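# Close look at the chain arrangement
The chain contents come next:
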Amino acid sequence: MPDYDDSYVSGCHGTVAEQLDEAYYDDRSDADDDMEKGRIKFPKNKLYGRDKELGVLRQLYGAMATNNSDERADYDGAAAREGTRISFAGSSPSNIDSRVVFLSGYSGVGKSALVAEFINQIQQEYNNSAENDGSSPVLHFSGKYTQQSSGAAPFSAVSEVFGNIVSSLVNGQQGSEEEKNYTRSLCTKIWKRIQSSDVIGPDTDGNEVLIEIFPSLRPLLDGSFANNKKIQRMESMSNVEDGEKKGEPTMNAVKESTSELLTLIASSLQRPLILFLDDLQWADGPSMELLLFLLTNDTQLKNLMFICAYRSNEVGVDHPFANIITKVTESRGQLVAKVDLFSLSQEAISLFIADSIGMEEVDSVAELVEVIYPKTMGNIFCVMQALEELVRKNALYYDIMCFEWRWTVDKVELANQVSADVVETIKDKIKGLSTDIQREASREYVVEEDRDKMLRHMADVLQRLGKGSKMEWCLYTAVDLLNSLPPDKVDVADLIKLNLRVSKIARSRGSPEKENMLLRESLERLQPFKWNNYDQSLEVYNAVIASECNLGNGDSMSTAIDEVLDHAKSLQDKFSAYFAMVQHLRISKDYRTAAHEGVKVLNMYSYNIPLQPTKIDLIREKMKLRLAFKSRSYASLLKLPIIEDPIFELFNQVCWDALFSGQPRLLMVVAWTAIRRAIEKGVERHLPHMLVALGTLLGKKGNIKAANEIGNVALTVSENFRDNKADYSSTRFANYAGIIFYLQSFRSGVDILHQCYKDLRFVGRFEPALGSQLNYIYAYFAAGYQMGTIFESKLLVVDEFCKSIDKSGFAASFQIHRQFAMNLRQRSDHPTLLNGNAFKQDTEIANMSDQARKMTLRDASIFRLELAFIFNDSECMAEMLETLSGYPFEDQVISRFYIRACFMGLAAFSLAEKNYHAIGNKCLKYFRRMKKLGSTNAPPAYFFIAALKKPTKKAFTTAIDSCREASMPHLEAMARERYAMFLLTRNELELANSCLTSAYWLYFDWGAHGKSLSLAREYPFLKTAKRAKGTGTGSHVSSRSGTATAKSAVSGSVQNSGGIYKRQGTFNYNSTMSSRELIKKRR
């Protein structure tokens, strides 16, 4: 900025000035309002974009209110004109046919809001007409099914409706004092009708059935019952439960009794009764049957308006509720309306957003709407979630200086602050409701001595409903109910089976804690009878062992292992216990011991695998493998049959333990033995992952061709086991990390690795999941993908996840990556030090164990070396080269080794000391060999290192072209900068300036804003440099041309770079808006 304004403070939003009068800035004087500032206040009691649908509901209700049953509602929207009034004059309610509305739409589209506004409007019209015609209030009641509770409490939404009716009528809790008096008198009227009913009157079976099925109706139904009557009712209900086992009689009683009760209530009202049932796609079977009966019983039910809402995307043609819609429509004809809610228009969403943040002009929120509408597609519930998400991420904020909502334009334009999975987030919140609360709410209506019976009955219903993946939650609730009962109230063997069944579902759904809890419950139930039922006891103990091992509970696992080894009858029955012992050693990172113990178990199966194979052992096993293959290649494994063979899992684990512990000969002998077993018996699901271990080893030893062959076979074989997310994703992740990236580009596998992370995390395989994400980050950096605050926030999320599951080693790696990205993005006086908000190297490493410290120091040194090269810190480059030279020149993580070898080579030839050139030549040799093998990643690194070793124009232009062709903008930026430095030594100033300009923008596009600032400080002409129009990102100078396509903005800028320059402006993210717009359009 040329001049500083006293009223401007960098980094602050708003204006700093003397505040003379608070009311001048904010006319809201109440102190409580301060608590609400900064929170979005969504409009209440206002409906957006639903005039047509609202008109349909009003027409139906109006026809009932005027008793004009012959009048057909106009559903084309013409009758839904604004201002249409409903007349509350009519004849006897007993003559008014009931109406049915089927209201459909996606979750969050506004079904409930539409009904609420409809009721609000007719209630207001009633209030305006009540003084003239003496009409009764408009009574409306609702019930909602949920995915968790519908099976656990059959008829749950109907029960909720009845509960609301009783609460309103008996307690008189609706409306004004005048309305309260009316509802109390209405309650008396209804109760008298019930007393005279032959179906649900006192001492009738219908009365008893209603009270048992819907306990909340008791105050309305049993006003005159004495204690002896109560005992008779309980005895009667035992017969009802017996009847339910036969099916039809009890359900008929429920239907007739419910219909009679609704008829008596509705006929007592002067205005139609409105019943709203929501989320009927989750209704249980009995509710569906009852609803079909009520909606088609037009001869009895009068003066009722049913509004039945459901999610259209979850009710297909074969859904039970679809059958109800068809039958009711055929039965009731024009008395049935179908209202489909679709997403709101962009205009309606614009108005809603403007109202939400207090903007008077709709056009003022156009930028927000352009970001939010495509993500939410007009779903108003998701729009609210998106707005709240923007507030949480500070992209939308309340400016306390101006008392209004504002947003950061560039963040909104990028549209990266709004998640693409808003709907899934909301669904997860709904599914997270506590079943304990629901259970307790049901229990409070049941007397103490009958609770166990009720819970068993509910559990039986849930188990019958728990068929198919969408109804698995029924089994969760059922097993929880049964586990809460004492042992003498349940069949222990059946309960153990149910616990085992649900625990497997929990494991497959990525909930190892729930699995462990259910298995421990099984084990506790088993104790009095353990080993009496040998098969069940062995199944329980083996499941407990695996679960405890997965969670790292060593003591509990050891106890269960000892139990199995003491009582199991065969080696096969003891296998799971032995395997868990080996796996526990691996979890504790004692890979060498784990590999040896695993070999000992394998040798129990008549194998003779040496713990420390010699060269002769290796030759012998290789000959055996050749004989087994019979001159065929590894591709012959693709033709083998699929089998189940648990021992392959142990083969697989021993191979990986041998790889991690540096025992290559042992790995090859074990792997070859397993392959021979596969050729003899068939392919098992763990074989592909084991093949990857072998291929990874071969790749580390330099046999890239053989490694690539094995890797491709492993990928193809793994497709047979795609349904097993854990094994399939583990194989893919390990294959890309250790084999595929040798020849294929890093960009080809970035998305795959991230998907593997999500899949493995979902199924509870946290360690391989984090390994996959770690490789994703390395590949991301190696490919030169754009960094920034969004990328850093993703790293932070994974870091916090690591801490939550006590994986501090992984957490340190992600912290290093985040600090590296922050050092590149932010302005810093010491950019080569990993000492910031994300990671403080000296403090963090000092608190680690020896092995963890060694690995973390290696990772930190790799990224410090890259920073040192980028920021031209020779001292740091030399220090990091010394550190990294102490580590073996190999790595099973290809992308990490690529970064390491690339920058070791670049740094070695950047330093004046020739003693580092040996390191550079070693790296150059590695990339030369990989280039000859066909690696797409190797040429940029090879040519760049070669250009620094022997700098010439041709060498640099070749390197720049190679980086651009490989889509590695970070290396291209560095190559252009080094080329410019080389040109300066030859006094080719114009071309040097163009190269620096290109490097400046390439760094900026990469996300290395701190480096761009550093260049601008060193070469001030860059502060006003512009991109060359019509060229791609960073293509400001043709690398093969001897002339620049863009001239320096400052004459003699390079010559004067050492002088003192007055700062002309502040480099910030918003300063290049127009340039970034050009890039976006080109892309």
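Per-chain numbering applies: the sequence of each chain, read as written, is numbered from 1 onward. Local features in this predicted model are restricted to residues whose pLDDT is 70 or higher, and side-chain atom pairs enter the listing and the counts only when it is 80 or higher, whereas totals over whole chains, interfaces and linings include all residues. Working from all heavy atoms in the structure, the side-chain values ignore hydrogens and water.

An unreviewed UniProt entry annotates the chain as AAA ATPase of Skeletonema marinoi.

Scanning the chain from N- to C-terminus turns up 47 helices and seven strands. The rule is simple: take the accessible area with a 1.4 Å probe, protein chains only, and divide by the maximum for that residue type; under 20% is buried, over 50% is exposed, in between is partly exposed. Taking all 1083 residues of the chain together, 52% fall into the buried category. Accessible surface, the chain as shown: approximately 49400 Å² in total, 49% of it carbon and sulfur. Numbering goes from the N terminus for both helices and strands, where a helix is a DSSP run of H or I of at least four residues and a strand is a run of E of at least two. Residue-level accessible areas treat just the shown protein chains as cover; the underlying method is Shrake-Rupley with a 1.4 Å probe.

This part is about the sheet that holds strand S1 (residues 99-105). Pairing is parallel in the open sheet, where five strands are placed in the order S2-S3-S4-S1-S5. Each end of this open sheet is capped by a strand with a single partner; those strands are strand S2 (140-144) and strand S5 (336-340). Across this sheet, the average inter-strand angle for adjacent strands is 15 degrees, counted without regard to direction. Both S2 and strand S3 (residues 273-278) contribute to a ladder of five bridges, which runs parallel. Looking at the pairing, Ser 142 lines up with Phe 276 of S3. Whether two residues touch is decided by their heavy atoms; if any such pair falls within 4.5 Å, the residues are in contact. Only C-alpha atoms enter the line fits that serve as axes; for helices the fit covers just the stretch in contact. Angles between N-to-C directions range over 0 to 180 degrees. In the packing of helix H11 (residues 285-296) onto the sheet, contacts are made with S1, S3 and strand S4 (304-311), and the angle to S4 comes to roughly 140 degrees. Running over the sheet, helix H12 (residues 320-332) touches S1, S4 and S5 and is turned about 145 degrees from S1. What makes two strands pair is DSSP finding at least two bridges between them.

All right, on to the pairing of S4 then. A large share of S4 lies buried, amounting to eight of its eight residues. Every second residue of S4 is oriented toward a common face, with Leu 304, Phe 306, Cys 308 and Tyr 310 on one face and Met 305, Ile 307, Ala 309 and Arg 311 on the other, all of them buried. The pairing of S1 with S4 spans seven bridges and is parallel. Directly across from Ser 104, in S4, lies its bridge partner Tyr 310.

Let us now look at the environment of Gln 124. Looking at the element boundaries, Gln 124 is found in helix H3 (residues 111-133). When its relative accessible area of 44% is taken as the criterion, Gln 124 is described as partly exposed. Sequence separation between Gln 124 and Val 138 is 14 residues, and the spatial gap between their C-alpha atoms is 9.7 Å.

Moving on, we get to the packing of helix H13 (residues 346-356) against helix H15 (residues 380-392). As a packed pair, H13 and H15 sit with axes 11 Å apart at the nearest point and diverge in direction by 40 degrees. Our classification of the angle between H13 and H15 gives oblique. Considering only the axes of H13 and H15, their crossing is right-handed. For the pair formed by H13 and H15, the contact residues are Ile 349, Phe 352, Ile 353 and Ser 356 on the first element and Ile 380, Val 383, Met 384 and Leu 387 on the second. Nonpolar residues are Ala, Val, Leu, Ile, Met, Phe, Trp, Tyr, Cys and Pro. Charged residues are Asp, Glu, Lys and Arg, and all others, Gly as well, are polar. In the contact of H13 with H15, the residues fall into seven nonpolar, one polar and no charged. Convention used here: angles under 35 degrees read as roughly parallel, angles over 145 as roughly antiparallel, angles from 65 to 115 as roughly perpendicular, and any remaining angle as oblique. The handedness criterion is simple: a crossing whose near helix is rotated anticlockwise from the far helix by less than a right angle is left-handed, and one whose near helix is rotated clockwise is right-handed.

Once that is clear, we can look at the pattern of salt bridges. Any Lys or Arg side-chain nitrogen located within 4 Å of an Asp or Glu carboxyl oxygen qualifies as a salt bridge. Inspection of the entire model under this criterion finds 31 salt bridges. Taking the shortest distance from any N to any O, the salt bridge between Lys 504 and Glu 539 comes out at 3.6 Å. Note that Lys 504 is positioned in helix H21 (residues 492-508) and Glu 539 in helix H23 (residues 534-551), a separation of 35 residues in sequence. In this structure Lys 504 comes out as partly exposed when scored by relative accessible area, which is 44%.

Where helix H14 (residues 366-376) is concerned, the buried positions are Leu 368, Val 369, Val 371, Ile 372, Tyr 373 and Thr 376. Immediately beyond the C-terminal end of H14, within one or two residues, lies Met 377, with a positive phi of roughly 50 degrees.

Looking now at the packing of aromatic side chains. For this analysis, a ring pair means two rings from Phe, Tyr or Trp (six-membered ring only for Trp) whose centres lie within 6.5 Å, classed as stacked if their planes differ by under 30 degrees, edge-to-face if by over 60, and tilted for the remaining angles. All told, the structure shown has 39 aromatic pairs when counted by the stated rule. Between the aromatic rings of Phe 956 and Tyr 979, the centroid separation amounts to 5.5 Å while the plane-to-plane angle is 20 degrees, which identifies the pairing as stacked. A residue pair is termed long-range when its members are at least 10 positions apart, and Phe 956 in helix H43 (residues 953-965) and Tyr 979 in helix H44 (residues 969-985) qualify at 23 residues. The exposure classification of Phe 956 matches that of Tyr 979, with both residues buried. Ring geometry for Tyr 1000 versus Trp 1001: centroids 5.0 Å apart, planes at 90 degrees, classification edge-to-face. Judged by relative accessible area, which is 3%, Trp 1001 ranks as buried. Here a set of aromatic residues connected by ring pairs shows up, and it is made of Tyr 736, Phe 741, Phe 746, Phe 889, Phe 897, Tyr 898, Tyr 926 and Phe 927. Across the ring face of Tyr 785, the terminal group of Arg 747 is positioned such that the distance to the ring centre comes to 4.2 Å. Arg 978 extends its terminal NZ or CZ atom over the ring of Phe 869, reaching a point 4.1 Å from the ring centre. Both a distance and an angle decide whether a charge sits over a ring: NZ of Lys or CZ of Arg must be within 6 Å of the ring centre and within 35 degrees of the ring normal.

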